[in-house]
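These are the residues of each chain, in order.
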Amino acid sequence: MLLSLPAIVIVAVVTQAPILATLGMSLVKWIVVRPDLGVTFIGLDNYREIFTSWDFYQVVLNTALITVVSLVVCTVLGILFSLMLNRDFPGVNVVRTLIISPFFVMDAVAGIIWRTIILNSSFGWNGYFASLLGTKPFDFFGVHSLLTIVILIAWQWTPFFVLIILAGLQNIPQEVMDSARVDGTGWLRELVSIRIPVIMNHIEVAVLLGLIFVLKVFGIIFVTTRGGPGYSSANLPYYVYKTAFLGWDVGHAAAVAVVTVVITLLAIAALFRWFRRRIGETA
Amino acid sequence: MRDRRTRGLRRRDRVPRRKRRALHRIPGIVVIWLVAILWCFPLWYMLITSFKGEADVLPPSLWIAHPTLGNYAIVLRHEIVRYILDSAVISVSSVFACLAFGVPVTYALVFGRLRHSDNLFFWFLSTTLLPPVAVIVPVFLLFRLSGLLDTLGGMILIYTGVNIPIVIWMTRSFLLDVPQEVLESSDMDGSSRLRSFFNIILPLARQGIISTGLLVFIFVWNEFFFSINLTYVHAATVPVYMASFMTQEGLFWAKLCAISTLVVLPPMVLGWLAQRSLVKGLTIGAVKG
């Protein structure tokens, strides 16, 4: 149908064509702020530069750590909170609404609020508790900056996991639970052998979507640690940003972007295979 | 395993057992209430601080000694209003553009006789997997060349392109809910496919389409990466302003909290309204919402 044409064109212009351009640019030496140097074709030199740079490996490791740890935390807490919310009690709707709220808070505000009034070592609650206990405040933005990023991502994304997993729990037919109860299944048995398998589909969807979004995280890092100190809390998107807009070396940045895309797609494909089922097939 | 007699017994004394259960549940309920309140602590404390005078912000305390609306009064006379307006224009325009371009595609995918409709759907889906860094350098150079850099139009264009796939992704499961027969019977009445789209499909899938619009609004309103890279002053959105607030303004935490509260509220309220449909739409109906 002709109806789809405009949408295809816009999406292709905004997302597909630039990727091809990125691919092409990754093969040139081009520093935008130095027009005198011009644009020269250098083949795979940008890639060679990346793969021989220590910073790059640190950033890849950071990205893996951030992604894996925060997704595990989100999954565990998401299941726990959902189990507690999957009941009728006074104010259940209020509690659910409260728990999902951080998901709708923009990265910029989440980062700033945590960084100032909560974690600031002299004026935030971090400093307050430290002086109360007579210890040194926890170093959230130095040695432990990577941990800080993980905490913030878990804070924002656990609500998303709750949304999806809770929907799964509420889908379990009452008869299944009733018959388990009559059989006298213990709480833990009931959880491990009935509830978790039934909601596995939901957990997988949550983890998969979580992976897609967490790999893109940028704002949180930008406003809290700026990837620092050094590159100790930078992930791949932040690394691309830094090479592109602080060094203006667009060829190098494009090459990092290409590597980022490849790593992203490989990670998603690997998880897909691990789950073995494709969401599309059940749709 | 228990024999029949015990099972019968358990069934008979169900009522007292239920009461016992109710008592057992109280600690769990208290725990989840505490979790919910603590999880939102940064947001509570942001709200509390926004009502404090700058002098009362330190040391941290949950008590508001001299409650004031002064921060909001100052903040609303501040340049933030311009950023909020720009953000609103960009978000609302993007939402309408995304729906206008995206929903017809879903309609064609679900009810049309496209031969490769699944491939087209997955092509749209796959574009959402890509990190924005993959496109930012060429988009930046293109925007600079064409004068779209730092303009409202440029931002609307980029957000429309990025979010059309989200619209198609979300609305698919809502349109699939519309029974095929409804459309077939309207075909027999001789109304055109275009007419049935407006008269039948849109009203029936209204709820889902509205929730999709709300989600796109939230995404665009909160979006940071494109905005920080493609705008400076003329089309800068709220997140960009927030990120620069600290470097520009120093330690005015009460005002910072007042601004934060203002800009966080719209997406949060919309999120509360849309939460149910979000699950269904985002999971492509792979799991039931």
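Residues numbered from 1 in each chain as written. Chains lettered and ligands numbered in written order. Predicted model: local features only at pLDDT ≥ 70, side-chain atom pairs only at ≥ 80, totals over all residues. Heavy atoms only, no water.

Colleague: Lay out the overall build of chain B in plain terms, naming residues and giving numbers.
Modeller: Counting its regular elements, chain B contains 14 helices and zero strands. N-terminal to C-terminal, the α/β element order of chain B is α-α-α-α-α-α-α-α-α-α-α-α-α-α. In chain B, buried positions account for 53% of the 289 residues. Contacts spanning at least 24 positions in sequence make up 73% of the contacts within chain B whose residues lie at least 6 apart. Just so you have it, chain B exposes about 13900 Å², and 66% of that area is on carbon and sulfur atoms. (Helix = DSSP H or I, 4+ residues; strand = E, 2+ residues; numbered from the N terminus. Buried < 20%, exposed > 50% of the residue type's maximum accessible area, 1.4 Å probe, protein only. Contact = heavy atoms within 4.5 Å. Areas by Shrake-Rupley, 256 points an atom, 1.4 Å probe, with all protein chains shown as cover.)

Colleague: Mind laying out the overall build of chain A, listing which residues take part and the relevant values?
Modeller: When you go through chain A residue by residue, the secondary structure sums to 13 helices and two strands. Along the three orthogonal principal directions, the C-alpha set of chain A runs to about 80 × 65 × 35 Å. In chain A, of all internal contacts separated by at least 6 residues, the share reaching a separation of at least 24 is 67%. In the structure as shown, chain A presents an accessible area of about 12200 Å², 68% of it carried by carbon and sulfur atoms. Across chain A, 17 positive and 14 negative side-chain charges occur, with their mean positions spaced 2 Å apart. (Lys, Arg positive; Asp, Glu negative; His and termini not counted. Charge placed at Lys NZ, Arg CZ, Asp CG, Glu CD.)

Colleague: Summarise the interface of chain A and chain B; cite the residues concerned and give the values.
Modeller: Taken residue by residue, the interface counts 97 residues in chain A and 97 residues in chain B. Summed over both partners, the interface of chain A with chain B buries about 8700 Å², with 80% contributed by carbon and sulfur atoms. In terms of surface lost to chain B, no three residues of chain A exceed Phe104, Met106 and Trp125 of chain A, which account for 8% of the buried area on that side. Our count for the contact surface shared by chain A and chain B stands at zero salt bridges. Inspection of the chain A/chain B interface yields eight residue pairs in polar contact (both at pLDDT 80 or more). (Buried area = accessible area lost by both parts, 1.4 Å probe. Salt bridge = Lys/Arg side-chain N within 4 Å of Asp/Glu carboxyl O. Polar contact = N/O pair within 3.5 Å; in protein donor to acceptor, adjacent residues only side chain to side chain.)

Colleague: Run through unusual backbone geometry, naming residues and quoting values.
Modeller: Comment: phi is negative for the bulk of residues other than glycine, and the bulk of peptide bonds are trans. All names here are of chain A. A positive phi angle is found at Arg226, which is not glycine, with a value near 50 degrees. Inspection of the secondary structure assignment puts Arg226 in the loop between helix H10 (219-224) and helix H11 (236-246). Among the residues examined, Arg226 registers a relative accessible area of 41% and is labelled partly exposed.

Colleague: Describe the environment of Cys40 of chain B, naming the residues involved and giving the relevant values.
Modeller: Turning to its location among the elements, Cys40 of chain B is positioned in the loop between helix H2 (14-39) and helix H3 (41-50). Given a relative accessible area of 2%, Cys40 of chain B falls into the buried group. Among all residues touching Cys40 of chain B, those that are not within four sequence positions of it are Leu98 and Pro102 of chain A.

Colleague: If you had to explain the pattern of salt bridges to someone new, which residues and values would you point to?
Modeller: Oppositely charged side chains are able to pair whenever their charged atoms sit close together. Residues and elements named next belong to chain A. Overall, the coordinates contain two salt bridges over all chains when judged by the stated rule. Here Lys29 and Asp249 are joined by a salt bridge, their closest N and O atoms 3.7 Å apart. Taken together, the residues span a long stretch of sequence, with Lys29 in strand E1 (residues 28-29) and Asp249 in the loop between H11 and helix H12 (250-275) at a distance of 220 residues.

Colleague: Which residues make up the confidence of the model for chain A, and what values do they have?
Modeller: Per-residue confidence for chain A averages 85 on the pLDDT scale, and 95% of its residues sit at or above 70. Contacts of residues 278-283 of chain A to residues separated by more than four positions or lying in other chains number 11 contacts, the stretch itself having pLDDT below 50. (pLDDT = per-residue confidence, 0-100.)

Colleague: Describe the packing of H11 of chain A against helix H7 (residues 133-146) of chain B, naming the residues involved and giving the relevant values.
Modeller: Close contact between H11 of chain A and H7 of chain B brings their axes to 10 Å; oriented N to C, the two are set at 20 degrees. Relative to H7 of chain B, the element H11 of chain A is oriented roughly parallel. Here H11 of chain A runs over H7 of chain B; the crossing is right-handed. Within the contact between the two elements, H11 of chain A uses Pro237, Val240, Ala244 and Phe245 of chain A and H7 of chain B uses Val133, Ile136, Val137 and Phe140 of chain B. Residues of the contact of H11 of chain A with H7 of chain B, tallied by class, amount to eight nonpolar, no polar and no charged. (Axes fitted to C-alpha atoms, helices over the stretch in contact; angles between N-to-C directions. Parallel < 35°, antiparallel > 145°, perpendicular 65-115°, else oblique. Left-handed = near helix turned anticlockwise from the far one by under 90°. Nonpolar A, V, L, I, M, F, W, Y, C, P; charged D, E, K, R; others polar.)

Colleague: Any details on the nonpolar core? Residues and values, ideally.
Modeller: If you look at the biggest cluster of nonpolar residues, it comprises 188 residues, and the most contacted ones within it are Leu85, Ile99, Val109 and Phe222 of chain A together with Ile158, Leu230 and Met242 of chain B. Once residues lying within four places of it in the same chain are set aside, the contact partners of Leu230 of chain B are Ile136, Val139, Phe140, Phe143, Leu149, Asp150, Met155 and Ile158 of chain B. (Core = buried A, V, L, I, M, F, W, Y, C linked by side-chain atoms within 4.5 Å.)

Colleague: Give a detailed account of the side chain of Ser94 of chain B, specifying residues and quantitative values.
Modeller: All names here are of chain B. In this structure, Ser94 sits in helix H5 (residues 80-111). Accessibility expressed as a relative area gives 0% for Ser94, which makes it buried. Here Ile90 takes part through its backbone oxygen, which lies 2.6 Å from a polar atom of the side chain of Ser94. Look past the residues within four positions of Ser94 in its chain and what remains in contact with it is Ile156, Tyr159, Thr160 and Val220.

Colleague: So what's going on with the packing of aromatic side chains? Which residues, and what values?
Modeller: This model, assessed by the stated rule, comprises 40 aromatic pairs over all chains. Between the aromatic rings of Phe218 of chain A and Phe222 of chain A, the centroid separation amounts to 5.7 Å while the plane-to-plane angle is 40 degrees, which identifies the pairing as tilted. Take Phe222 of chain A: its relative accessible area is 4%, and that puts it in the buried class. Ring pairs connect the aromatic residues Phe218, Phe222, Tyr238, Tyr241, Phe245 and Trp248 of chain A together with Phe140, Phe224, Phe225 and Phe226 of chain B, which therefore count as one cluster. The side chain of Arg226 of chain A reaches across the aromatic face of Phe222 of chain A, ending 4.1 Å from its centre. Across from the ring centre of Phe121 of chain B, 4.2 Å away, lies the NZ or CZ of Arg172 of chain B, which sits over that ring. (Phe/Tyr/Trp six-rings, centres within 6.5 Å; stacked < 30°, edge-to-face > 60°. Lys NZ or Arg CZ within 6 Å of the ring centre and 35° of its normal.)

Colleague: So, a nonpolar patch on the surface: which residues are in play, and what are the values?
Modeller: On the surface, a cluster of nonpolar side chains totalling about 590 Å² of accessible area is made up of Leu61, Leu65, Val68, Val69, Val72, Val76 and Leu80 of chain A. By the secondary structure assignment, Leu65 of chain A is in helix H3 (residues 54-85). (Patch = residues over 30% accessible without salt bridge, like charges linked within 9 Å, V, L, I, M, F, W, Y side chains within 5 Å.)

Colleague: Summarise the side chain of Ser233 of chain A; cite the residues concerned and give the values.
Modeller: Residues and elements named next belong to chain A. Inspection of the secondary structure puts Ser233 in the loop between H10 and H11. Reaching out from Ser233, the side chain makes a polar contact with the side chain of Thr225 at a distance of 2.7 Å. Not counting residues up to four positions away in its chain, the partners in contact with Ser233 are Asn62, Ser145, Leu146, Ile149, Ile221, Thr225, Gly227 and Gly228.

Colleague: Give me the state of the cysteines: which residues, what numbers.
Modeller: Each disulfide is one covalent bond, formed between the sulfur atoms of two cysteines. For the coordinates displayed, the defined rule picks out zero disulfides over all chains. Not engaged in a disulfide, the cysteine Cys40 of chain B finds its nearest cysteine sulfur in Cys74 of chain A; these two sulfurs lie 15 Å apart. (Disulfide = S-S within 2.5 Å.)

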